[in-house]
Amino acid sequence: MIEITKLTKKYEGGKTALDEVTFKINPGEICGYIGENGAGKTTTIKIISGALDFDAGTVEISNIDVKKNPVDVKKLIGYVPESGNIFNSLKISEYLHFTGRIRNLEEVTIKRRMQYFAELFEYSEFLNSSIGSLS
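Rules of the game
Residues numbered from 1 in each chain as written. Predicted model: local features only at pLDDT ≥ 70, side-chain atom pairs only at ≥ 80, totals over all residues. Heavy atoms only, no water. Salt bridge = Lys/Arg side-chain N within 4 Å of Asp/Glu carboxyl O. Helix = DSSP H or I, 4+ residues; strand = E, 2+ residues; numbered from the N terminus. Buried < 20%, exposed > 50% of the residue type's maximum accessible area, 1.4 Å probe, protein only. Arc of directions from axis to C-beta. Contact = heavy atoms within 4.5 Å.

Quick look at the pattern of salt bridges now. In total, this model carries two salt bridges according to the counting rule given. Across the pair Asp-53 and Lys-67 runs a salt bridge whose closest N-O atoms are separated by 3.4 Å. Taken as a pair, Asp-53 in the loop between helix H1 (41-48) and strand E3 (56-61) and Lys-67 in the loop between strand E4 (64-65) and helix H2 (70-74) lie far apart in primary sequence, 14 residues in all. A salt bridge links Glu-107 to Arg-101, with the shortest nitrogen-to-oxygen separation between them at 3.7 Å. For Arg-101, a relative accessible area of 36% translates into the label partly exposed.

Along an α-helix, a turn takes 3.6 residues, which lines up residues three or four apart on a common side. Listed as buried for helix H3 (residues 92-102) are Ile-92, Ser-93, Thr-99 and Gly-100. For H3, the buried positions fall inside an angular range of 130° around the axis, keeping them on one side. Looking at the buried residues of H3, the elements they touch are helix H4 (107-120).

Written out as structure tokens, the structure reads:
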């Protein structure tokens, strides 16, 4: 469940990106979040994922407050930004290791899963390639 109540975010310079946005998505529901450019969609998603702070309101994921327990929320959700350029310099193996560590997986588990999925999806030969070099 995602529950957002009176979510407000203002950027420097006074621009209001979100003005008391309220909505609830129940478990099992699928929804779309649409709007014009600059409407606050990306800002909302960044706040939900804990990547961006907000000024007022509440954001809860499975009854966990994003502001009070950001690490617990990050264990439950994932966020793929519109641009993955931030990871382009990492090797595939470094990125997979990074994502495992932020989910508090043990080293042996990360290595085992990395190897298993690399073989399953036939990308073992690319594990030492940088993300930015792949299409």
